[in-house]
Amino acid sequence: MSIAVVHGDITRIPADALVNAAAPALLGGGGVDGAIHRRAGRALLQACRQLPEVRPGVRCPTGEARVTPGFDLPVRYVIHTVGPVWRGGSHGEALLLGACYRHCLDLARVLGVERIVFPAISCGVYGYPHAEAAHVAVESLVEAMAEHAMRSFDVLLCGYTEAMVKILRQAVQDVATRPCNSPLGN
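Figured I'd write up the structure that's included with this text. (Residues numbered from 1 in each chain as written. Predicted model: local features only at pLDDT ≥ 70, side-chain atom pairs only at ≥ 80, totals over all residues. Heavy atoms only, no water.)

1. Re the overall build of the protein chain
For the protein chain, the helix and strand inventory stands at five helices and six strands. Computed over C-alpha atoms, the radius of gyration of the protein chain comes to 15 Å, within 12% of the 16 Å expected from 2.2 N^0.38 for 186 residues, which places it in the range of a compact globule. Across its three principal axes, the protein chain shows a C-alpha extent of roughly 45 × 35 × 30 Å. Put simply, the protein chain has 186 residues, and 47% of those count as buried. (Helix = DSSP H or I, 4+ residues; strand = E, 2+ residues; numbered from the N terminus. Rg over C-alpha atoms; globule rule 2.2 N^0.38 Å. Buried < 20%, exposed > 50% of the residue type's maximum accessible area, 1.4 Å probe, protein only.)

The structure is reproduced here in structure tokens:
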């Protein structure tokens, strides 16, 4: 299993699955969500509309994940997840953000995915501080991968900007150098 950081446009990275940092309605929007919907084509929006609402306007509650085909993307699946809006850090944001990563890996495991690419969930308009979000992401991924013994599994963390790539790499390095966390990069 490995966690690597890549720089670029997440919609152009070949993988088995791509994670979409979506809004609860799963109907597209701005940022990475809009880019994924534009690149995947109209069929993605139609597939998202077919997912049942759990309450009016919500197909995917914060911290959960849903899956659709990848359509025109270089992936088999899009795993949609809704990250938390940053409200200062004392409203369970870290738990919800960690749940996003864990639920995405759970779905990936069920789908037989061996390579998955993640954006920096909640780091755009949802306002999560980037360094904190990166650490939550890496810690959650390492824990989930170890828990499920995901040995032949590759995770790519995609940063759209050089600044985000640097933050993600630092989080990977920080978690990898902690005494009880050594599976990174294997």
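2. Points about the sheet that holds strand E5 (residues 115-118)
With mixed pairing, six strands are arranged side by side in an open sheet as E1-E6-E5-E2-E4-E3. Strands with a single pairing partner mark the edges of an open sheet, and in this sheet they are strand E1 (2-7) and strand E3 (65-69). Direction aside, neighbouring strands of the sheet carry axes that sit 25° apart on average. Two elements, E1 and strand E6 (residues 154-159), share six bridges in a ladder whose sense is parallel. Looking at the pairing, Ile3 lines up with Val155 of E6. In this fold helix H2 (residues 42-50) packs onto E3 and strand E4 (77-81), with an angle of close to 135° to the strand it touches most, E3. Lying on the sheet, helix H3 (residues 93-111) is in contact with strand E2 (17-21), E3, E4, E5 and E6; it crosses E4 at an angle near 155°. (Pairing = 2+ DSSP bridges. Axes fitted to C-alpha atoms, helices over the stretch in contact; angles between N-to-C directions. Contact = heavy atoms within 4.5 Å.)

3. Some remarks on the packing of helix H4 (residues 130-147) against helix H5 (residues 162-176)
Relative orientation of the contacting elements H4 and H5 amounts to 45°, with a least axis distance of 9 Å. When the axes of H4 and H5 are compared, the pair comes out oblique. At the point where H4 passes H5, the crossing takes the right-handed sense. Contacts between H4 and H5 pair His130, Ala131, Ala134, His135, Val138, Glu139 and Val142 from the former with Met164, Ile167, Leu168, Ala171, Val172, Asp174 and Val175 from the latter. When the residues that make up the contact of H4 with H5 are grouped by side-chain class, the tally is ten nonpolar, two polar and two charged. (Parallel < 35°, antiparallel > 145°, perpendicular 65-115°, else oblique. Left-handed = near helix turned anticlockwise from the far one by under 90°. Nonpolar A, V, L, I, M, F, W, Y, C, P; charged D, E, K, R; others polar.)

4. Side note on the packing of H3 against H4
In the contact formed by H3 and H4, the axes pass within 9 Å of each other and the chain directions differ by 45°. With respect to H4, the element H3 is oriented oblique. Every pair of crossing elements has a handedness; the one defined by H3 and H4 is right-handed. Where H3 abuts H4, its residues Ala94, Leu97, Gly98, Tyr101, Arg102 and Leu105 lie against Ala133, Val136, Ala137, Ser140, Leu141, Ala144 and Met145.

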